[in-house]
Amino acid sequence: SPRFLEAFTQQMATHIGCSRAGVWVFTEVPEGRALRCLAMYDGVHDRMVRATDMISAEVGPYFDALLRDGCVVAPDARSHPATVGFLDEYLLPLDVHSVLDVCVSVNGRLFGTFSCEQVGAPVAWTQRQLQALRQIGARASLSLMHAAASAAGLDTAPAALWESSAPNRLTQPAPF
């Protein structure tokens, strides 16, 4: 799971053409709904980095925009109404100028987001980049759900279909 998430975020950063790429999942915390970072690749330093949880009570406009529009496109994240709440604790310390986040769903249920960030200078995100990120989400969401469950320590391995004791064991194969 960690190797998959690392390779996935590296490839996403390369494909979209951004400095940093991450996978975030929705979770519940005592303060309300939050986004927890599963993996964040920093292309500037060519390594995985950690990111703190985003809690809806602290950055309500971001959550509102993300849930309303399915994405946040902020070429100037430092002044964008949805992302300005991250200014002092995230954007300025990490030199993030632009943010492109897209919601990811699994079986119609909102699961998390893919995040692309540009450090050093702002970038005007294109419609092609937004569409590419949405297509990645559509293709990879189920695999990411399994990786997230694995990272959280949940057992997602297939289980036996029947009890292996003698009375339940198939003794002879049936012809097709």
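Quick note: structure is the one above.
Engineer: Please clarify how the overall build of the chain should be interpreted in this entry.
Structural biologist: In terms of regular secondary structure, the chain is built from four helices and seven strands. Secondary structure elements in the chain, listed N-terminal to C-terminal, are α-β-β-β-β-α-β-α-β-β-α. Every one of the 176 residues in the chain was classed for burial, and the buried ones make up 43%. Within the chain, contacts between residues separated by at least 24 positions form 52% of all contacts whose residues are at least 6 apart in sequence.

Engineer: Can you help me understand helix α1 (residues 2-16) in this one?
Structural biologist: Each α-helix winds once per 3.6 residues, and so residues spaced three or four apart point in a common direction. Across its 15 residues, α1 extends 21 Å between first and last C-alpha, which sits within 8% of the 21 Å expected from 1.5 Å per residue. Those residues of α1 that fall on the buried side of the exposure criterion are Leu5, Phe8, Thr9, Met12, Ala13 and Ile16. Down the axis of α1, the smallest arc covering the buried residues is 130°, so these residues share one side. The outward face of α1, more than 90 degrees from its buried face, is lined by the exposed residues Arg3, Gln11, Thr14 and His15. At the C-terminal side of α1, Gly17 shows a positive phi close to 85°.

Engineer: Would you mind showing me how to read helix α2 (residues 60-69) here?
Structural biologist: All buried positions along α2 are accounted for by Gly60, Tyr62, Phe63, Ala65 and Leu66. Check the buried side of α2 and you find it contacts β1 (20-29), β2 (32-42), β4 (54-55), β5 (71-74), β6 (96-106) and β7 (109-119). Looking one or two residues beyond α2, the residue adopting positive phi is Gly70, at roughly 80°.

Engineer: Would you mind showing me how to read the side chain of Thr83 here?
Structural biologist: Residue placement: Thr83 occurs in the loop between β5 and α3 (87-94). On the accessibility criterion, Thr83 (0% relative accessible area) is buried. Residue contacts for Thr83: discarding those within four places in its chain leaves Tyr62, Val72, Ala74, Ala77 and Leu91.

The rules behind the values
Residues numbered from 1 in each chain as written. Predicted model: local features only at pLDDT ≥ 70, side-chain atom pairs only at ≥ 80, totals over all residues. Heavy atoms only, no water. Helix = DSSP H or I, 4+ residues; strand = E, 2+ residues; numbered from the N terminus. Buried < 20%, exposed > 50% of the residue type's maximum accessible area, 1.4 Å probe, protein only. Contact = heavy atoms within 4.5 Å. Expected span 1.5 Å × (residues − 1). Arc of directions from axis to C-beta.

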